[in-house]
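Listed here are the chains, written in short residue letters.
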Amino acid sequence: MVAHANTPLLTLNNGTTIPQLGFGVFKVDPAETTRIVTDALEVGYRHIDTAAIYGNEEGVGTAIASSGIARDELFVTTKLWNDRQTDAEAAFDESLGKLGLDYVDLYLIHWPTPQKDTFVEAWTSLEKIYATGRAKAIGVSNFLVPHLEKLLADTEIVPAVNQIELHPAHQQPEVTAFAREHGIHIEAWGPLGQGKYPLFDAPEVAGPAAAHGKTPAQVVIRWHLQTGNIVFPKSNRRERMAENFDVFDFELSAAEVAAITAMEREGRVSAHPNEVN
C-alpha cells in the first residue's frame, strides 16, 4: 500500500507494509461504529483495528464498503477471541463475513490464555489461514516473553506483530526487547493510558506540549511514533480523531523522548495476560 496523509509505513517481517498510525474501535458501540469509522476514514486514517469480541466488525465493514476507498489503500486488523482458539479457521471465516471482506491485512490471537494452553494450536490454524492469502499477515496480542518463546519453539512462522498494552507508565521493556530481537513489530494499545492516571499533567508531557504548541495527547502519540511503536488511539469524536492524526508537523527532541521514556514504572492499568483465560 502507499502512504496517506504523511502517515509513515512500516514493513513487517513478511514484507507487508502497515500504516504506523491507525484507528482503534475497542469499546465503540456497534450501533455507532459505521458513523465513527466513516469519520475516521474521512479524517485520513487508513488503518482500522477491530476484533471479534468488540461486536462491531459489521459496522467497520459497512463503513469501508461505503467509503469509496480502494481496498488496497486500507489496512484492516481483526482478532481471534479466546473461546475460539481450537476453532480458529471457522472463527476467522465468521469475522471475514461480518467485515464483508475477501481478506484482512492482519489477524491476531487476542490473548494467550495460558491456562487453556491452546494458543499454539490456534497459531497453527493462523498459519494455514495465512497460506491461503486471506490474512496478509498474522500476529499475536498480549503475549509475554514466555508465551512468545513457546510459540517460536513449536511453530513455523514468526508473528508479524505483538499488540500489547503500552504507554509511558507501562512500556513492557522485556517484551519489546524480545520482539526487536526476533523481528516482531510492537503495536501499542491503550497508548494514552486509558485516562487511568494523570499522564497529561506530567511535566515530561505537558512541557513538550507547551513548547511545540501541541496537546499532551499529541505529544504522547508522537513519542510512540518516534520510538517505533505502531499506535491506534481511539475516539468517538471527529475533532479528537483529527487532533490525534495531526502529529506529523513536529518532532520531539531526543531529550524529550528520553524524559517520557523515563516515566516507566510498570504501571499496567488493564488485565495481566496471565489472568485472562
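Residues numbered from 1 in each chain as written. Predicted model: local features only at pLDDT ≥ 70, side-chain atom pairs only at ≥ 80, totals over all residues. Heavy atoms only, no water.

Examining the packing of helix 1 (residues 30-43) against helix 2 (residues 57-67)
Helix packing for two helices is described by the angle between their axes and how far apart those axes are.
Then step 1. It is the contact of helix 1 with helix 2, at a shortest axis distance of 8 Å, that shows an interaxial angle of 45°. In terms of axis orientation, helix 1 runs oblique to helix 2. Like other packed secondary-structure pairs, helix 1 and helix 2 cross with a definite hand, here right-handed. Of helix 2, the residues touching helix 1 (which contributes T33, T34, V37, T38 and L41) are G59, V60, T62, A63, I64 and S67. (Axes fitted to C-alpha atoms, helices over the stretch in contact; angles between N-to-C directions. Helix = DSSP H or I, 4+ residues; strand = E, 2+ residues; numbered from the N terminus. Parallel < 35°, antiparallel > 145°, perpendicular 65-115°, else oblique. Left-handed = near helix turned anticlockwise from the far one by under 90°. Contact = heavy atoms within 4.5 Å.)

Remarks on unusual backbone geometry
Then step 1. Even without being glycine, N142 reaches a positive phi, approximately 65°.
Then step 2. Inspection of the secondary structure assignment puts N142 in the loop between strand 7 (138-141) and helix 5 (145-154).
Then step 3. Given a relative accessible area of 4%, N142 falls into the buried group.
Then step 4. Of note in the backbone geometry, Q172 takes a positive phi value of approximately 50° without being a glycine.
Then step 5. By the element assignment, Q172 lies in the loop between strand 8 (161-165) and helix 6 (173-181).
Then step 6. Of the residues examined, Q172 reaches a relative accessible area of 9% and is grouped as buried. (Buried < 20%, exposed > 50% of the residue type's maximum accessible area, 1.4 Å probe, protein only.)

A look at the packing of aromatic side chains
Then step 1. Applying the stated criterion across every chain, the model contains six aromatic pairs.
Then step 2. Judged by centre distance (4.7 Å) and plane angle (70°), the rings of F92 and Y107 are edge-to-face. Pair noted here: F92 is in helix 3 (residues 88-99) and Y107 is in strand 6 (residues 106-109), with a separation of 15 residues, a long-range link. The pair formed by F92 and Y107 is uniform in burial state, with each residue classed as buried.
Then step 3. Across from the ring centre of Y103, 4.1 Å away, lies the NZ or CZ of R71, which sits over that ring.
Then step 4. Taking the ring centre of Y197 as reference, the NZ or CZ of R265 above it sits at 5.0 Å. (Phe/Tyr/Trp six-rings, centres within 6.5 Å; stacked < 30°, edge-to-face > 60°. Lys NZ or Arg CZ within 6 Å of the ring centre and 35° of its normal.)

Digging into helix 7 (residues 203-212)
Residues spaced three or four apart along an α-helix point in a common direction, a consequence of the helix completing one turn every 3.6 residues.
Then step 1. Three or more residues of helix 7 are buried, namely V205, P208 and A209. Summarising the axial view, the buried residues of helix 7 lie within an arc of 105°, below the 170-degree limit, and thus occupy one face. What points out from helix 7, more than 90 degrees from its buried face, is the exposed set P203, A210 and A211.
Then step 2. Elements that come into contact with the buried residues of helix 7 comprise helix 8 (216-226) and helix 10 (254-261). (Arc of directions from axis to C-beta.)

Regarding the environment of Q171
Then step 1. If you trace the backbone, Q171 turns up in the loop between strand 8 and helix 6.
Then step 2. Separated by 92 residues in the primary sequence, Q171 and M263 place their C-alpha atoms 9.1 Å from one another.
Then step 3. Each residue touching Q171, except ones within four places of it in the same chain, is listed here: L166, T176, W223, I260, T261, M263 and E264.
Then step 4. Among the polar contacts listed, one links the side chain of Q171 to the backbone oxygen of T261, at a separation of 2.9 Å. (Polar contact = N/O pair within 3.5 Å; in protein donor to acceptor, adjacent residues only side chain to side chain.)

Comments concerning the nonpolar core
Then step 1. Among the nonpolar cores identified, the biggest contains 72 residues, and L21, F23, L80, Y107, I109 and L126 are the most heavily contacted of them.
Then step 2. Sequence-distant contacts of Y107, that is, excluding residues within four places in its chain, are made with T78, K79, L80, A88, A91, F92, L126, I129, A135, A137, I138 and G139.
Then step 3. Ranked by size, the runner-up nonpolar core spans 10 residues in total, among them I18, F75, L106 and I230. (Core = buried A, V, L, I, M, F, W, Y, C linked by side-chain atoms within 4.5 Å.)

Some remarks on the pattern of salt bridges
Then step 1. Taken as a whole and assessed by the stated rule, the structure comprises 15 salt bridges.
Then step 2. For R84, the salt bridge is made with E94, and the minimal N-O distance between the two is 2.9 Å. Pair noted here: R84 is in the loop between strand 5 (75-80) and helix 3 and E94 is in helix 3, with a separation of 10 residues, a long-range link.
Then step 3. For E94, a relative accessible area of 39% translates into the label partly exposed.
Then step 4. For D249, the salt bridge goes to K214, with nearest N and O atoms at 2.9 Å. Of the two residues, D249 is situated in the loop between helix 9 (238-245) and helix 10 and K214 in the loop between helix 7 and helix 8; the sequence distance between them amounts to 35 residues. (Salt bridge = Lys/Arg side-chain N within 4 Å of Asp/Glu carboxyl O.)

Some remarks on the packing of helix 7 against helix 8
Then step 1. Between helix 7 and helix 8, the least distance of the axes is 8 Å, while the angle of their chain directions is 105°. Between helix 7 and helix 8, the crossing angle belongs to the class labelled roughly perpendicular. Contact residues: V205, P208 and A209 in helix 7; P216, V219 and V220 in helix 8.

Section: the environment of A242
Then step 1. Looking at the element boundaries, A242 is found in helix 9.
Then step 2. Look at A242 and you get partly exposed, because its relative accessible area is 32%.
Then step 3. Distance in space between the C-alpha atoms of A242 and E42 is 9.5 Å, their sequence separation being 200 residues.

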